[in-house]
Amino acid sequence: MTVLKSPLIEPPEKPDSDESAPVMDTSKMSAGQRAALELTEAAREAAGERTFAAGLFMGEFNLAGIHPFPTQSADDRERGNAFLEKLEKLLREKVDPDEIDRTGEIPQPVIDELARLGAFGIKVPVEYGGLGLSQTNYCRAAMLLGSWCGNTTALISAHQSIGVPQPLILFGTKAQKKKYLPRVARGELSAFALTEVDVGSDPAAMATHAEPAPDGDFFILNGEKLWCTNGTRAGVIVVMARTPPKIINGKSKEQITAFIVETNWPGVEIIQRCRFMGLRALYNGVLRFTNVRVPRENVLLAEGKGLRVALTTLDTGRLTLPAACVGLSKRCLEISRDWANRREQWGAPIGKHAAIADKIARMSADSFAMESMTLLAASRVDRDKNADVRLEAALCKLWGTEAAWNIVNDTMQIRGGRGYETAASLKARGEAPIPVERFLRDSRINTIFEGSSEIMRLFIARELLDPHLKIAAPVLNSQLPWSQRLRAAVKAARFYLAWYPKQWLPVGPKSKVQSPKLEQHLRYAARTSRRLARAIFHAMLRHGPTLEREQLLLGRFVDIGADLFAMAATCLRAQSLSGGSRDEEMVHLVDFFCRTARLRIEDKFQRIGKNADRAGYKLAQEVLAENHRAMERQIV
Ligand SMILES: Cc1cc2nc3c(=O)[nH]c(=O)nc-3n(C[C@H](O)[C@H](O)[C@H](O)COP(=O)(O)OP(=O)(O)OC[C@H]3O[C@@H](n4cnc5c(N)ncnc54)[C@H](O)[C@@H]3O)c2cc1C
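As a starting point, this report considers the structure included with it. This structure is a prediction, so every number in the text was calculated from the model and none was measured.

**Brief notes about the overall build of the protein chain**
Move 1: In terms of helices and strands, the protein chain carries 22 helices and 10 strands.
Move 2: Taken over C-alpha atoms, the radius of gyration comes to 25 Å for the protein chain, in line with the 26 Å a tight globule of 636 residues would show.
Move 3: Within the protein chain, the fraction of its 636 residues that count as buried is 54%.
Move 4: Put simply, of all contacts in the protein chain between residues at least 6 apart along the chain, 75% involve residues at least 24 apart.
Move 5: Carbon and sulfur atoms form 56% of the exposed surface of the protein chain, whose accessible area is close to 29000 Å².

**A look at the nonpolar core**
Move 1: Phe 61, Trp 399, Ile 460, Phe 557, Phe 565 and Phe 593 are the most contacted members of the largest nonpolar core, which has 101 residues in total.
Move 2: In terms of residue count, helix α20 (residues 551-577) provides more of this core than any other element does, 15 residues in total.
Move 3: In contact with Trp 399, not counting residues within four places along its chain, are Asp 366, Ala 369, Met 370, Met 373, Ala 562, Asp 563, Ala 566, Phe 593 and Arg 600.
Move 4: By size, the runner-up hydrophobic cluster in this structure holds 44 residues, among which are Ile 162, Ile 260, Leu 287 and Val 292.

**Structural notes on helix α18 (residues 482-502)**
Move 1: For α18, which comprises 21 residues, the first-to-last C-alpha distance of 30 Å matches the rise-based estimate of 30 Å (1.5 Å per residue) to within 8%.
Move 2: Remark: the principal bend of α18, roughly 30°, maps to Tyr 496.
Move 3: The complete set of buried residues in α18 reads Gln 484, Arg 485, Ala 488, Ala 492, Tyr 496 and Trp 499.
Move 4: In the core, the buried residues of α18 are packed alongside α17 (453-476) and α19 (516-543).

**A look at the side chain of Ser 134**
Move 1: Within the fold, Ser 134 resides in the loop between α5 (108-117) and α6 (135-146).
Move 2: Exposure remark for Ser 134: the relative accessible area of 10% places this residue in the buried category.

**Some words on the site of the ligand**
Move 1: Taken together, the neighbourhood of the ligand is formed by 22 residues, with Phe 192, Thr 195, Ser 201, Ser 452 and Glu 454 sitting nearest.
Move 2: Contact with the protein chains removes 68% of the 970 Å² of surface that the ligand exposes when unbound.
Move 3: Only β1 (190-193), β3 (218-229) and α17 provide two or more residues apiece to the shell around the ligand.

**Thoughts on α19**
Move 1: Across its 28 residues, α19 extends 40 Å between first and last C-alpha, which sits within 8% of the 40 Å expected from 1.5 Å per residue.
Move 2: Taken from the residues just after α19, Gly 544 is the one with a positive phi, measuring 55°.

**A closer look at the side chain of Gln 160**
Move 1: Here Gln 160 lies in helix α7 (residues 150-162).
Move 2: Judged by its relative accessible area of 4%, Gln 160 is buried.
Move 3: A polar atom in the side chain of Gln 160 sits 2.5 Å from the backbone oxygen of Ala 119.
Move 4: Separated by 3.0 Å, the side chain of Gln 160 and the backbone nitrogen of Ile 122 make a polar contact.

**With respect to the packing of aromatic side chains**
Move 1: For the coordinates displayed, the defined rule picks out 11 aromatic pairs.
Move 2: Residues Phe 52 and Phe 61 carry aromatic rings whose centres are separated by 5.4 Å and whose planes lie at 70° to one another, so their mutual orientation is edge-to-face.
Move 3: Judged by relative accessible area, which is 9%, Phe 52 ranks as buried.
Move 4: On the basis of an interplanar angle of 70° and a centroid distance of 5.8 Å, the ring pair of Trp 399 and Phe 593 is categorised as edge-to-face.

**Describing the layout of surface pockets**
Move 1: Volume-wise, the second largest pocket comes out at about 920 Å³.
Move 2: Contributing to the lining of the second largest pocket are 32 residues, with Arg 77, Arg 140, Met 143, Lys 330 and Glu 371 lying nearest its centre.
Move 3: Counting residues per element, the ones that place at least two in the lining of the second largest pocket are α3 (74-94), α6, α11 (320-342), α12 (354-383) and α20.
Move 4: The element best represented in the lining of the second largest pocket is α3, accounting for 7 residues.
Move 5: Residues belonging to the lining of the second largest pocket are distributed by class as follows: 10 nonpolar, 9 polar and 13 charged.

**Focus on the packing of α6 against α12**
Move 1: Packing of α6 against α12 brings their axes to within 8 Å, and their N-to-C directions diverge by 145°. Every residue of α12 that contacts α6 at Gln 135, Thr 136, Cys 139 and Met 143 is listed here: Glu 371, Thr 374, Leu 375, Ala 378, Ser 379, Val 381 and Asp 382.
Move 2: Across the contact of α6 with α12, the residue classes break down as 5 nonpolar, 4 polar and 2 charged.

**Looking at the packing of α20 against helix α21 (residues 583-609)**
Move 1: Their axes nearest at 9 Å, the elements α20 and α21 cross at an angle of 165°. When the axes of α20 and α21 are compared, the pair comes out roughly antiparallel. Judged by the sense of rotation from one axis to the other, the crossing of α20 with α21 is left-handed.
Move 2: By residue class, the composition of the contact of α20 with α21 is 17 nonpolar, 1 polar and 8 charged.

**Section: the pairing of β1**
Move 1: The side-chain alternation of β1 yields two buried faces, one formed by Ser 190 and Phe 192 and the other by Ala 191 and Ala 193.
Move 2: Relative to strand β4 (residues 236-248), β1 runs parallel, the two being bridged by 4 bridges. Within β4, the residue paired with Phe 192 across the bridge is Val 238.

**Things to note about the pattern of salt bridges**
A side chain with one charge may pair with a side chain of the opposite charge, provided their charged atoms come close.
Move 1: As enumerated under the stated definition, the model contains 43 salt bridges in all.
Move 2: We note a salt bridge from Arg 273 to Glu 105, for which the minimum N-O separation is 2.9 Å. Residue Arg 273 is located in strand β6 (residues 268-273), and its partner Glu 105 is located in the loop between α4 (97-103) and α5; the two are separated by 168 residues in the primary sequence.
Move 3: Residue classification places Glu 105 among the partly exposed positions, given a relative accessible area of 33%.
Move 4: The network of salt bridges with shared partners includes Lys 179, Arg 183, Glu 188 and Glu 262.

**Details of empty space enclosed by the protein**
In this approach a probe as big as a water molecule rolls over the atoms, and the regions it shows empty are the leftover space.
Move 1: Applying the stated rule across the entire model yields 1 cavity of 30 Å³ or more.
Move 2: Taken as a whole, the largest cavity encloses approximately 30 Å³ of empty space.
Move 3: Looking at the largest cavity, the residues that line it are Tyr 138, Ala 142, Leu 145, Thr 153, Ile 156, Ser 157 and Thr 320.
Move 4: Elements with a contribution of two residues or more to the lining of the largest cavity: α6 and α7.
Move 5: Its residues assigned to classes, the lining of the largest cavity comprises 4 nonpolar, 3 polar and no charged.

Rules behind the numbers
Sequence order as written defines residue numbering, which begins from 1 separately in each chain. Owing to the predicted nature of the model, reporting of local features is limited to residues with pLDDT of at least 70; listing and counting of side-chain atom pairs is limited to 80 or more, with chain, interface and lining totals taken over all residues. Values reported for side chains reflect all heavy atoms of the structure, with hydrogen atoms and water molecules removed beforehand. Here a helix means four or more residues in a row that DSSP labels H or I, a strand means two or more in a row labelled E, and each is numbered from the N terminus. Radius of gyration here is computed from C-alpha atoms only, and the compact-globule reference equals 2.2 Å multiplied by the residue count raised to the power 0.38. Exposure categories follow from relative accessible area, calculated using a 1.4 Å probe and restricted to protein chains: below 20% of the type maximum is buried, above 50% is exposed, and the middle band is partly exposed. In what follows, residue pairs with any heavy atoms lying within 4.5 Å of each other are defined as contacts. The Shrake-Rupley method, run with a 1.4 Å probe, gives the accessible areas here. Residue values count only the displayed protein chains as cover. Joining through side-chain atoms within 4.5 Å is the link that ties buried Ala, Val, Leu, Ile, Met, Phe, Trp, Tyr and Cys residues into a set, and such a set is a nonpolar core. Here the expected length of a helix is defined as 1.5 Å per residue gap, with one fewer gap than residues. Fitting axes to the seven residues that end at a residue and to the seven that start at it, the angle between those axes gives the bend at that residue. If even one non-hydrogen atom of a residue comes within 4 Å of a molecule or strand, that residue is called near it. A 3.5 Å cut-off defines polar contacts: any pair of N or O atoms within that distance qualifies, except that in protein one atom must be a possible hydrogen donor and the other a possible acceptor, and neighbouring residues in sequence count only when both atoms are side-chain atoms. Note on ring pairs: Phe, Tyr and Trp rings are taken, using the six-membered ring of Trp, and paired if centres are within 6.5 Å. Classes follow the plane angle, with under 30 degrees stacked, over 60 edge-to-face and the rest tilted. Buriedness of a pocket was judged along seven lines, with at least five required to meet protein on both sides within 12 Å; pockets are open sets of points on a 1 Å grid over the protein atoms alone, cavities are sets where a 1.4 Å probe fits but cannot get out, and lining residues have an atom within 4 Å of a point. Grid points are joined across faces, edges and corners, and a volume is the space filled by probe spheres set on the points. All residues other than Ala, Val, Leu, Ile, Met, Phe, Trp, Tyr, Cys, Pro, Asp, Glu, Lys and Arg, Gly among them, are scored as polar; the first ten of these are nonpolar and the last four charged. To define axes, lines are fitted to C-alpha atoms, for helices over the stretch in contact only, and angles between the resulting N-to-C directions are given on a 0 to 180 degree scale. Should an angle fall under 35 degrees it is called roughly parallel, over 145 degrees roughly antiparallel, and 65 to 115 degrees roughly perpendicular, with every other angle called oblique. Crossing handedness follows the turn of the near helix against the far one: under a right angle anticlockwise gives a left-handed crossing, and clockwise gives a right-handed one. Between any two strands, pairing holds if DSSP finds at least two bridges. Counted as salt bridges are all cases of a side-chain nitrogen of Lys or Arg within 4 Å of a carboxyl oxygen of Asp or Glu.

These results come straight from atomic positions and should not be treated as a statement about function.
Structure, rendered in structure tokens:
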């Protein structure tokens, strides 16, 4: 992993050097906004080589590296299959998701069997007692789990996507790996504790703190963490805490550090087990730390690098959720297809009525797209352990969790009243206990945790603006000396004079996929990538430094980019799967997906210029100022 210092916010060491210039003007922000931005910017890794996903926003539709679609090698697949077969057998025979939902507990024998299979150390290297499987195989396991039991998925995913294994694999010292990886791979549960009562999406408000003890060998940790998944059963937790500020370039800088904390150490308490609408067997809790002595050797990466640990862990960790959503969506498709064939109303199976058929078509197309995007991102991790997948993972998380929510919602609609009825009640009446109600409850959280959809859009927007910020923002930054701004202006003018005309080129190179229909869609995607780049550039000219406040506008750019990414992934994957007797059907499915994606994209472009954003914002502020309290009358 290339850990580079972010040049965006840190004050320049040499005020006249363009390379070290801060490109974001924070001088007009509120103190809270500035603190949040400076902290996350400092933790943000500078982008390396431009990836396919990043290029989409700059008018580059460069398929090199993803075309042909990177399929799993036979060897890797074989290794994954050996584990997945055992996992599937265990899920079918020993894991009763409705009983787990009803009791709110995952039976200990199930956890023990999962541990025996190696399910808690899927990606942990073999030398540390894990299975050493690839990211793709890990995602395939998440798909299987997601199709069956949300609670078991969360247990395994919180443990190894965000809990101790992932940050330890990425950043652990040899000693830390040797000490902890075998334990967590064997099944000692782990967790990740960032959230606090005042720290949701904004870590700048963190109150948990750790001070070096006078003897220097320990930190003394104090504070309270909220909603820590696996926290009530974990043996070991990654805890984010504020450590004493450091003076950097003459300015005091806030520091957040990641610690590996063992829960049996004195001073660690579980205050409450939290309960939720769904995922009722989540071992999620409020944890309190009172004067906990954490050895210095349990610092992850380095003092002050906690947010970088958290953000980088989440970069890959975020792929688990869309993978689980793939499994869930496929299960929903199976349920919907079966019911739409069997249920007859108004003289025909409901699947023959256009309103239901439309839902089924979207469900199948979106499930394929979600799977293609996730496999594409996972394959990049497998090809290069240091690959920067933050953008791909965020696109998969945002697009996948939102699409899966629509799919579950549509499944409930297709199942009608039976969708809303609990599995136990269906069973008691002698009907098949199809748990759509549970799926809906369990999956609602997916667009909230591990980066809410709103935060994902901001995160992706930050990445899509990055190349422009580096080039153009110093020109507008009133914190910089005029000489530096002038030099930046000349540099920016030179870049944009060459770059902008290229964004008007009508055609690009052929991608050479077999199906003319898919080739057409890819050409549309290439053209639209340039149109998107132009629109982003025009928005920068129009809004200048205030563009970062235009969340709805930026959100539209992000959504267009996400759909372009999905189109590319589906077309190329369909091409890679071609050669069988089902080619025509595959093309039909992907063609339908691309048509719907194009309609969404065109709608988003239209709403860039024509929308009610300003009026909506004004109304919301009036509501917040209680000018419309009359609307809230006559309620209980
Ligand atoms: C079941 C469950 C399990 C969890 N597991 C863990 C865990 O294991 N470890 C852990 O550390 N945390 C965990 N969390 C916390 C979870 O990650 C947070 O709920 C999430 O980060 C959102 O924080 P919040 O709920 O405080 O919402 P807030 O940050 O208060 O946000 C409220 C709303 O405002 C939006 N919003 C916030 N800021 C902005 C902005 N700048 N612009 C636009 N919109 C904005 C959000 O998207 C959201 O819609 C868990 C939460 C739940 C419910």
